[in-house]
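# Inside the fold
Here are the chains, one letter per residue:
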Amino acid sequence: MPAPLSPDAPSLLNALALGSRALIDAHFWSEGVDQLLAALGEASGVNRVWIFQTIERNPNGVLQDFVFEWASSSHYRERTQKRFRFFTTLIDDPEYEEMVNRRERGDSHTCITSKVDPGSLRDNLESQSILSMVTVPIMVDGQWWGTLGFDDCEREVDWEGAGLQALVISAELIASAIYRQQLTRRQRQVDLLQQVAACGTWEINTRSGATWCSSALLLSLGYPGDYARLPLRRLLAHTMPTDRLRVFGLIRECHQRLQTQCRIDVQLRVASGQWRWHELVMESYYSDDGYLARIGGLVIDISQRKKSEEQAWAAAEFDALTGTRNRRGLANHLAQLNGQAEAAAYYLLMIDIDYFKHINDRYGHPAGDTLLVEMAKRVYEALRPEDCLARFGGEEFAVTAGDLSHQQVVQLGERIRQTVAQQPFYLTAGDSQTPMMVTLTVSVGIAPLALTSDLDHSQAVAVAQADQALYAAKEAGRNRVVAHWQP
Ligand SMILES: Nc1nc2c(ncn2[C@@H]2O[C@H](COP(=O)(O)OP(=O)(O)OP(=O)(O)O)[C@@H](O)[C@H]2O)c(=O)[nH]1
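Residues numbered from 1 in each chain as written. Predicted model: local features only at pLDDT ≥ 70, side-chain atom pairs only at ≥ 80, totals over all residues. Heavy atoms only, no water.

## What to know about the sheet that holds strand β8 (residues 211-213)
Cut-off, in case you're wondering: DSSP-based pairing: two strands are paired if at least 2 bridges between them are found. Strands here are runs of E lasting at least two residues and helices are runs of H or I lasting at least four, both read from the DSSP assignment and numbered beginning at the N terminus. In this description, a line fitted to the C-alpha atoms serves as the axis of each element, helices being fitted only across the stretch in contact, and the angle between N-to-C directions of two axes falls anywhere from 0 to 180 degrees. Throughout, a contact is declared for two residues whenever any of their heavy atoms are within 4.5 Å.
Ordered in space as β8-β7-β11-β10-β9, the five strands form an open sheet in which the pairing is antiparallel. Each edge of the sheet is formed by a strand with only one pairing partner; in this case those strands are β8 and β9 (261-269). Between one strand axis and the next, the sheet turns through 25 degrees on average, direction left out of account. Bridging between strand β10 (residues 275-286) and strand β11 (residues 292-301) involves nine bridges; their strand directions are antiparallel. Note on β11: the bridge partner recorded for M282 is G297. Of the strands in this sheet, β9, β10 and β11 are in contact with helix α8 (residues 241-256), which crosses β9 at around 165 degrees.

Right, here's the structure in full:
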């Protein structure tokens, strides 16, 4: 038997150079792999170069798929054979098991069939008329992704040495092409997810000021998705100036506490030029000496959520018909005043439309609604900006006013009464196109309102007293103002 041949290392290196260029240039990474295998096959003179992808390793065997092949002639092609489609090789032979273990560890394996101990590995090689074989595992991210193999059916080749080194480099080139392709695919998925979820990712290097934004974020801010790098000042210009100061303040606070995560709601100017609410989730990265090195994180468009919250807040605090505050809105307004203002003299004025039932009976409920809206507008005009008007229910309104003497608040009640009574309201009822003139009057009851720490109680007292005064006004003939302190 002649001594085994050694592959020509310079030809293999040349093939490697050609193949690596193909891997970089190819539009699809698989085309690059095909070209690399062909270059290596031709340079080494073997009959077949192949790649098996590892699908699963289980205790009994390995499930693989035959994914790439180059053959020196069609006679040596095997990939098209059905038996190589997702095939399982049973581990029933120590030599074969050792070979699989080596592949899993990332070690290459060479063999000359005539020197392999009898067993399933040798049977397998002989059944394919292979005289010598070399396999190099393709390790992607530390995992046995697959195997690059060279079969020679005409020669016994000794691959040890420079030839094998070239094959190891080939497997690494293929592994990095696979890794790149996996990253690109994942990147695309992340981009899609960010677009669907209206969010983006960003990072700022605090030392250099260099920024990085995901393509979804760039697109939402009005830049092309592949925009190389936004200058920091341009990125900051997308943040509402007042919010920018809050962000800086929060970062400073986090830094002092060496806190790594924080969040804040800010308004960002988006592609349309509108300001939209976003949630900034920030992660700080510190260097070993405690220096803030990078800040990055998520930015999520929450404008829809903010809008719903505002709508819910408005629904909870404002009256849907007249647009004035409701009972809860008035209570919250008073609670806010209580937090800020000195406990100045405050008053509650209860305003009730006289004989409103007649209006509904005569002109219909929708006309009555219109009158309530118009009435609220008129009362509002009689008030000072700091006074608060609320619809308490039905045809009853309440006003809170502060910083007035007893006499002044009675004058305010009088002004409200007059503004309603002095000018008629105009209504269209039913199918009639001609507006009808309706005169209205209101009765007003006034009581002092103490802004105390137990606001619920003092408000209830004021409502009861103002109601008594209102009742007195109704009893006295309506269209009048009565204060609780008046005899
Ligand atoms: N159109 C309309 N009517 C309402 C609304 N809420 C309450 N009302 C009506 O307001 C009327 C109140 O009637 P009453 O409590 O008897 O009082 P009034 O007729 O105004 O008489 P006095 O208060 O005694 O002067 C009822 O007919 C209610 O149906 C509303 O939202 N829209």
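## Digging into helix α14 (residues 455-475)
Put simply, the rule reads: Here the expected length of a helix is defined as 1.5 Å per residue gap, with one fewer gap than residues. The rule is simple: take the accessible area with a 1.4 Å probe, protein chains only, and divide by the maximum for that residue type; under 20% is buried, over 50% is exposed, in between is partly exposed. Note: the arc covers the axis-to-C-beta directions of the helix.
Between its terminal C-alpha atoms α14 stretches 30 Å, which fits the 30 Å expected from 21 residues at 1.5 Å a residue. Among the residues of α14, L455, S458, Q459, A462, V463, A466, A469, L470, A473 and K474 are the ones counted as buried. Each buried residue of α14 sits inside an arc of 145 degrees when the element is viewed along its axis, so together they form one side. Turned more than 90 degrees away from the buried face of α14 sit H457, Q468, Y471 and E475, all of them exposed. Of the residues trailing α14, G477 is marked for its positive phi of about 120 degrees.

## Thoughts on the site of the ligand
Put simply, the test is: Residues are counted as near a molecule or strand when any one of their heavy atoms sits within 4 Å of it. Definition of a polar contact: a pair of N or O atoms within 3.5 Å, with one able to donate and the other able to accept a hydrogen when the atoms are protein atoms, and with sequence-neighbouring residues admitted only if both atoms are side-chain atoms. Per-residue and other accessible areas follow the Shrake-Rupley method at a 1.4 Å probe size, with only the shown protein chains counted as cover for residues.
Every one of the 16 residues lining the ligand counts as a neighbour, but Y355, F356, N360, D369 and R391 are closest to it. Backbone polar atom of Y355 to an oxygen atom of the ligand: 2.8 Å apart, as the coordinates give it. Contact with the protein chains covers 68% of the free accessible surface of the ligand, which is 660 Å². Mapped by element, the contributors of at least two residues to the shell around the ligand are β12 (346-353), α11 (356-363) and α12 (365-382).

## Let's talk about the environment of L389
With respect to the helices, strands and loops of the structure, L389 is situated in strand β13 (residues 388-393). Residues L389 and V399 lie 10 residues apart in sequence; the distance between their C-alpha atoms is 4.6 Å. Excluding residues that lie within four positions of it along the chain, L389 makes contacts with T324, R325, A376, V379, Y380, L383, F397, A398 and V399.

## Details of the pairing of β10
Of the pairings in the sheet, the one linking β9 to β10 comprises nine bridges and is antiparallel in character. Its bridge partner lying in β10, V266 is registered against H278. Between the end of β9 and the start of β10, which pair antiparallel, lie five residues, with G273 showing a positive phi angle near 95 degrees. Joining the antiparallel neighbours β10 and β11 is a turn of five residues, in which G290 adopts a positive phi near 80 degrees.

## Quick look at the packing of helix α1 (residues 9-25) against helix α2 (residues 29-44)
Heads up, the condition is: Roughly parallel covers angles under 35 degrees, roughly antiparallel covers those over 145, roughly perpendicular covers 65 to 115, and oblique covers all other angles. Residue polarity follows a fixed list, in which Ala, Val, Leu, Ile, Met, Phe, Trp, Tyr, Cys and Pro are nonpolar, Asp, Glu, Lys and Arg are charged, and the others, Gly among them, are polar.
Relative to each other, α1 and α2 sit at 170 degrees, their axes nearing to 8 Å. Classified by the angle between their axes, α1 and α2 sit roughly antiparallel to one another. Residues S11, L12, A15, L16, G19, S20, A22 and L23 of α1 lie in contact with α2, whose contacting residues are W29, G32, V33, Q35, L36, A39, L40, A43 and S44. Its residues assigned to classes, the contact of α1 with α2 shows 11 nonpolar, six polar and no charged.

## Side note on the packing of aromatic side chains
Stated formally: Each Phe, Tyr or Trp ring (for Trp, its six-membered ring) is paired with any other whose centre lies within 6.5 Å, and the angle between the two planes then decides the class: stacked below 30 degrees, edge-to-face above 60, tilted in between. For a Lys NZ or an Arg CZ to count as sitting over a ring, it must be within 6 Å of the ring centre and within 35 degrees of the ring normal.
The full count for this structure, using the stated rule, is 11 aromatic pairs. With a centroid separation of 4.9 Å and 70 degrees between ring planes, the pair formed by F52 and F66 is classed as edge-to-face. With F52 in strand β1 (residues 48-58) and F66 in strand β2 (residues 61-71), this pair connects stretches of sequence that are 14 residues apart. Between F52 and F87 the ring centres are 5.1 Å apart and the planes differ by 80 degrees, which places this aromatic pair in the edge-to-face class. Of the two residues, F52 sits in strand β1 while F87 sits in strand β3 (residues 87-90), which places them 35 residues apart along the sequence. For the pair shown, F52 and F87 are each scored as buried. Linked through ring pairs, W50, F52, F66, F84 and F87 together constitute an aromatic cluster. Positioned over the ring face of W277 is K306, at 4.5 Å from the centre of the ring.

Everything listed here is a matter of coordinates, which is why it stays silent on function.
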